[in-house]
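Examination of the molecular architecture
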Amino acid sequence: MQRIGHRPAVAIMVLGLLGGCSTGPAPVVPAGSAAYDAIPEGNIFAPRRVEIGPSDRLSITVFREPDLSIDSAIVDPDGNIQVPLLGTVDAAGLTAAEFARDLERRFAARFLVDPSVTVELTEAAQKRVTVAGAVTQPGVYEIPGRISLVDAVALARGPTNVAKYDQVVVFRRYNGDRVGGMFDLGQINAGISPDIEILAGDQVIVGTDGLKVAYQDMLKAAPLLNIFQTFAILNNNGTNDSNTADPAN
């Protein structure tokens, strides 16, 4: 009777590598056309509407009212700014000109007759995007102007060879809520699906292909597998020799 060698141990180890590779649960976010509803496409080539945001620095000049003017003020994390007489005023989401008109209305309602206000955005806060997952250099990157999803992934030196191109998730804060959508980067690169504009504060996460990861893990373990295979061959050869009939008997 031929003895069983150790070759099945190799198969068991490979199965263990494939089965043990977990990439976590798939993100529960809309995909396909629903993703574009959650994260609008935008147009990175259109003129940008420069809105006031947290950490921006402003100067406010109230004509003939030096005591109400502000040389330098920083917008707080909630988008507010402290204005003499008016107190806390929300400036986030407005352009400098729109904020100036808003201040004029507020002053005219209670304190001044026909006020004239000028607002200047003297220093814009750095706009950043987070790129994580299966990219070459995950991290937080400053946005150089208007960028698309493809541009954002390129900031992180592109996808790795275990990236799952059809599972690229974008998360965004919108009206206090966290919304997200899953996009197919392969179809975007091929011109089949539209690219989307990435905004400051967005998070881009490139999914991981579990099968590719398992294959890489298997290759890393190849020297160990070769030892098992060699041992199995030697063991089988020895077994065959011991089971060979002796012509003398």
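Just above sits the structure.
Here's a quick rundown of the structure.

Conventions we followed
Residues numbered from 1 in each chain as written. Predicted model: local features only at pLDDT ≥ 70, side-chain atom pairs only at ≥ 80, totals over all residues. Heavy atoms only, no water. Core = buried A, V, L, I, M, F, W, Y, C linked by side-chain atoms within 4.5 Å. Buried < 20%, exposed > 50% of the residue type's maximum accessible area, 1.4 Å probe, protein only. Helix = DSSP H or I, 4+ residues; strand = E, 2+ residues; numbered from the N terminus. Contact = heavy atoms within 4.5 Å. Pairing = 2+ DSSP bridges. Axes fitted to C-alpha atoms, helices over the stretch in contact; angles between N-to-C directions. Salt bridge = Lys/Arg side-chain N within 4 Å of Asp/Glu carboxyl O. Polar contact = N/O pair within 3.5 Å; in protein donor to acceptor, adjacent residues only side chain to side chain.

Comments concerning the nonpolar core
- If you look at the biggest cluster of nonpolar residues, it comprises 26 residues, and the most contacted ones within it are Val-129, Leu-149, Phe-183, Ile-198 and Val-204.
- Secondary-structure elements contributing two or more residues to this core are α2 (33–38), β6 (128–133), α4 (149–155), β9 (163–174), α5 (185–189) and β12 (203–208).
- In this view, Phe-183 contacts Ala-35, Tyr-36, Ile-39, Leu-149, Tyr-165, Asp-166, Gln-167, Val-168, Val-170, Ile-188 and Ile-196; residues no more than four positions away in its chain are not counted.

Observations concerning the environment of Ala-125
- With respect to the secondary-structure elements, Ala-125 resides in the loop between β5 (117–123) and β6.
- With 73 residues separating them along the chain, Ala-125 and Ile-52 place their C-alpha atoms 9.4 Å apart.

Details of the sheet that holds β5
- Pairing within the open sheet is antiparallel, and its three strands lie in the order β2-β1-β5. Single-partner strands in this sheet number two, and they are β2 (70–74) and β5. Taken over all neighbouring pairs, the strand axes of this sheet differ in orientation by 25° on average, direction set aside.
- One ladder, built from six bridges, connects strand β1 (residues 57–62) with β5; its direction is antiparallel.

Here we look at the pattern of salt bridges
- Scanning all chains against the criterion turns up nine salt bridges.
- In this structure, the salt-bridge partner of Lys-127 is Asp-56, at a minimum N-O distance of 3.8 Å. With Lys-127 in the loop between β5 and β6 and Asp-56 in the loop between α2 and β1, this pair connects stretches of sequence that are 71 residues apart.
- Judged by relative accessible area, which is 32%, Lys-127 ranks as partly exposed.

A short note on the pairing of strand β10 (residues 177–183)
- Direction of pairing for β9 relative to β10: antiparallel, over a ladder of seven bridges. Note on β10: the bridge partner recorded for Phe-171 is Gly-180.
- Hairpin connection from β9 to β10: two residues lie between these consecutive antiparallel strands, with Asn-175 at a positive phi of about 55°.

Re the side chain of Asp-202
- Along the chain, the position of Asp-202 falls in the loop between β11 (197–198) and β12.
- Within the local environment of Asp-202, its side chain forms a polar contact with the side chain of Arg-172, the two groups lying 2.7 Å apart.
- In terms of polar contacts, Asp-202 uses its side chain to reach the backbone amide nitrogen of Leu-199, at 2.8 Å.
- Discounting chain neighbours no more than four positions away, the residues touching Asp-202 are Arg-128, Val-129, Thr-130, Val-170, Phe-171, Arg-172 and Glu-197.

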